[in-house]
Amino acid sequence: MTKINSEQLPYMLGGLLYTPAINETIADKILDNSYEYLTSVALCLEDAIMESALEKAEDTLIKTLEKLQGKEELPLIFIRVRNPLHLDRLSEKLKAYSDVFTGYILPKFDMTNGREYIDILRKINSGSEQPVYAMPILESSAIADGTARISQLTAIRELLLSAKEYILNVRVGGNDFCNLYGLRRSVNQTIYDVGVVRDILVDIVNVFAREFVVSGPVWEYFENDKNDKWAAGLKKELEFDRINGFIGKTAIHPSQLPLIYDSLKVTAEDYADMKSILGWEEKDFGVMKSDSGSRMNEKNCHNKWAERVQILSRIYGVKEK
């Protein structure tokens, strides 16, 4: 794994591209730079793999990691396991490749399995020379349940805070939540149009975003034509992701990656205001006009926003327009 500033690392995933771990071509495509704006990859051993094919998928995963071992300028690589027991067993098999991948993705994370996941994560790190990170996915019915959601989320947050040095990112399963209610958004709708799911996502951001980076759910439409409806829909959802506090997004097709990457660039106006706020020189006033003269900057209210803009600008750059 490439040595990276630990403060910036949670923001660097961009579009996390999912692919089944049984994919025999992914290592070559990574090494050939076949995918534009590929910043992170999830090699999935859970939903993308039938139970009968799990052993074959694990063998293919090891071959993939062997091909990538020793190579430089790799994307961040994560392995999605099936459950805590799978994490425990697989982590033993993958010790020799800990320098290749960044960590594990923990599906359907809630209080029924969270403590077991965290205990195993601590055990993995006790024998590792460098951090092995985890990204829990909040997507289960226990979290969707409106009668107990806040208490469930609060308990999960406290559990994750107890191992915060190993929790890189909190992820959400938008399609999993939709499935609980038999719902599916069209190419013209965002996840925020699905009211019951929107409420779940807002609660997750409210509980977790002050201590963790929270990443947005997958957009399930794709094609190669960037001007098609799927691209317009993705751009619209990315804008809602940004304003609601999500950073980065799960991707299921390489064509989505450039749009997700571009959405993480900061605007020139935000960049100028960030520099003004973080380099505040006004001695008497806590508020002043922005460089453009079109909005207000307030040192106390906008400082955390400015710090986030600074991190994103360092990683993704500044938009030309």
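Just so you know, the residues in each chain are numbered from 1, in the order the chain's sequence is written. For this predicted model, a pLDDT threshold of at least 70 governs which residues receive local features, and a threshold of 80 or more governs which side-chain atom pairs are given and counted, while totals over whole chains, interfaces and linings are taken from all residues. Based on all heavy atoms of the structure, the side-chain values leave hydrogens and waters out of the count.

1. Brief notes about the environment of Asp 203
One can find Asp 203 in helix H8 (residues 195–208). Sequence spacing of Asp 203 and Leu 153 is 50 residues, and the spatial spacing of their C-alpha atoms is 8.3 Å. The criterion used for residue contact is that any of the two residues' heavy atoms lie within 4.5 Å. Among all residues touching Asp 203, those that are not within four sequence positions of it are Arg 149, Ile 150 and Leu 153. For the purposes of this entry, the term helix denotes a DSSP run of H or I that reaches at least four residues, the term strand denotes a run of E that reaches at least two, and both are numbered from the N terminus.

2. With respect to the packing of helix H11 (residues 268–278) against helix H12 (residues 299–316)
As a packed pair, H11 and H12 sit with axes 8 Å apart at the nearest point and diverge in direction by 125°. Accordingly, the angle class assigned to the pair H11 and H12 is oblique. For H11 against H12, the interelement crossing comes out left-handed. For the pair H11 and H12, the contacting residues are Asp 270, Tyr 271, Asp 273, Met 274, Ile 277 and Leu 278 in the first and Lys 299, His 302, Asn 303, Trp 305, Ala 306, Glu 307, Val 309, Gln 310 and Ser 313 in the second. All axes here are fitted lines through C-alpha atoms, helices being fitted over the stretch that makes contact, and every angle between N-to-C directions spans 0 to 180 degrees. Here the word oblique covers every angle except those under 35 degrees (roughly parallel), over 145 (roughly antiparallel) and from 65 to 115 (roughly perpendicular). Working rule for handedness: look at the near helix, and if it is turned counterclockwise from the far one by less than a right angle, call the crossing left-handed; if clockwise, right-handed.

3. Section: the state of the cysteines
Here, two cysteine sulfur atoms that lie within 2.5 Å of each other are counted as a disulfide. One pass over the structure, following the stated rule, counts 0 disulfides. Free of any disulfide, Cys 44 has its nearest cysteine sulfur in Cys 178, 18 Å distant. Residue classification places Cys 44 among the buried positions, given a relative accessible area of 4%. Each residue is assigned to one of three classes by its accessible area relative to the maximum for its type, calculated with a 1.4 Å probe on protein chains only: buried under 20%, partly exposed between the two thresholds, exposed over 50%.

4. So, the environment of Arg 82
Tracing the sequence through the fold places Arg 82 in the loop between strand S3 (76–80) and helix H3 (84–93). The sequence separation of Arg 82 and Trp 305 amounts to 223 residues, and the corresponding C-alpha distance is 36 Å. Residues in contact with Arg 82, not counting those within four places in the same chain, are Leu 45, Glu 46, Ile 49, Met 50, Glu 51, Leu 54, Pro 107 and Tyr 117. Of note is the side chain of Arg 82, whose polar atom sits 3.4 Å from the backbone oxygen of Ile 49. A distance of 2.9 Å separates a polar atom in the side chain of Arg 82 from a polar atom in the side chain of Glu 51. By the criterion applied in these results, polar contacts are pairs of N or O atoms within 3.5 Å in which, for protein atoms, one can donate a hydrogen and the other can accept it, and in which residues neighboring in sequence qualify only through two side-chain atoms.

5. Considerations on the pairing of strand S2 (residues 40–44)
Within S2, 5 of the 5 residues are buried, leaving the element largely enclosed by the surrounding structure. Both faces of S2 are covered, namely the face carrying Ser 40, Ala 42 and Cys 44 and the face carrying Val 41 and Leu 43. With 5 bridges joining them, strand S1 (residues 15–20) and S2 adopt parallel strand pairing. Along S2, the bridge assignment pairs Pro 20 with Cys 44. In this view, the connection linking S1 to its parallel neighbour S2 by way of helix H1 (residues 26–31) has right-handed handedness. We call two strands paired when DSSP finds no fewer than two bridges between them. Pairing geometry for S2 and S3, over 5 bridges, is parallel. Considered in S3, the bridge of Leu 43 is made with Ile 79. Whether a crossover is right-handed comes down to one check: with the strands pointing away from the viewer, does the path from the first strand over the helix to the second run clockwise; if it does, it is right-handed. After leaving S2, the chain enters helix H2 (residues 54–68) and then returns to the sheet as S3, a path that is right-handed.

6. Some remarks on helix H10 (residues 257–264)
Every α-helix winds through 3.6 residues per turn, so residues three or four apart in the chain are directed the same way. Summarising burial for H10: 6 of the 8 residues are buried, a large majority. Inspection of H10 places Leu 257, Pro 258, Leu 259, Ile 260, Tyr 261 and Leu 264 among the buried residues, and these make up the whole buried set.

7. Some details on a nonpolar patch on the surface
Only residues whose relative accessible area exceeds 30% and that form no salt bridge enter a patch; like-charged residues are grouped when within 9 Å of one another, and nonpolar side chains (Val, Leu, Ile, Met, Phe, Trp, Tyr) when within 5 Å. For the accessible areas, the method is Shrake-Rupley and the probe is 1.4 Å, while residue cover comes only from the protein chains on display. We count a salt bridge whenever a side-chain nitrogen from Lys or Arg sits within 4 Å of a carboxyl oxygen from Asp or Glu. On the surface, Leu 180, Tyr 181, Leu 183 and Val 196 cluster together into a nonpolar patch covering about 310 Å² of accessible area. Within the secondary structure, Val 196 sits in helix H8. What makes Val 196 partly exposed here is its relative accessible area of 31%.

8. Remarks on the sheet that holds S3
An order of S7-S6-S5-S4-S3-S2-S1-S8 is seen for the 8 strands of this open sheet, with the pairing classed as parallel. Two strands in the sheet have a free side with no partner beyond their single neighbour: strand S7 (214–215) and strand S8 (249–251). By the bridge criterion, 3 bridges tie S3 to strand S4 (residues 103–106) in an arrangement that is parallel. What sits directly across from Phe 78, in S4, is Gly 103.

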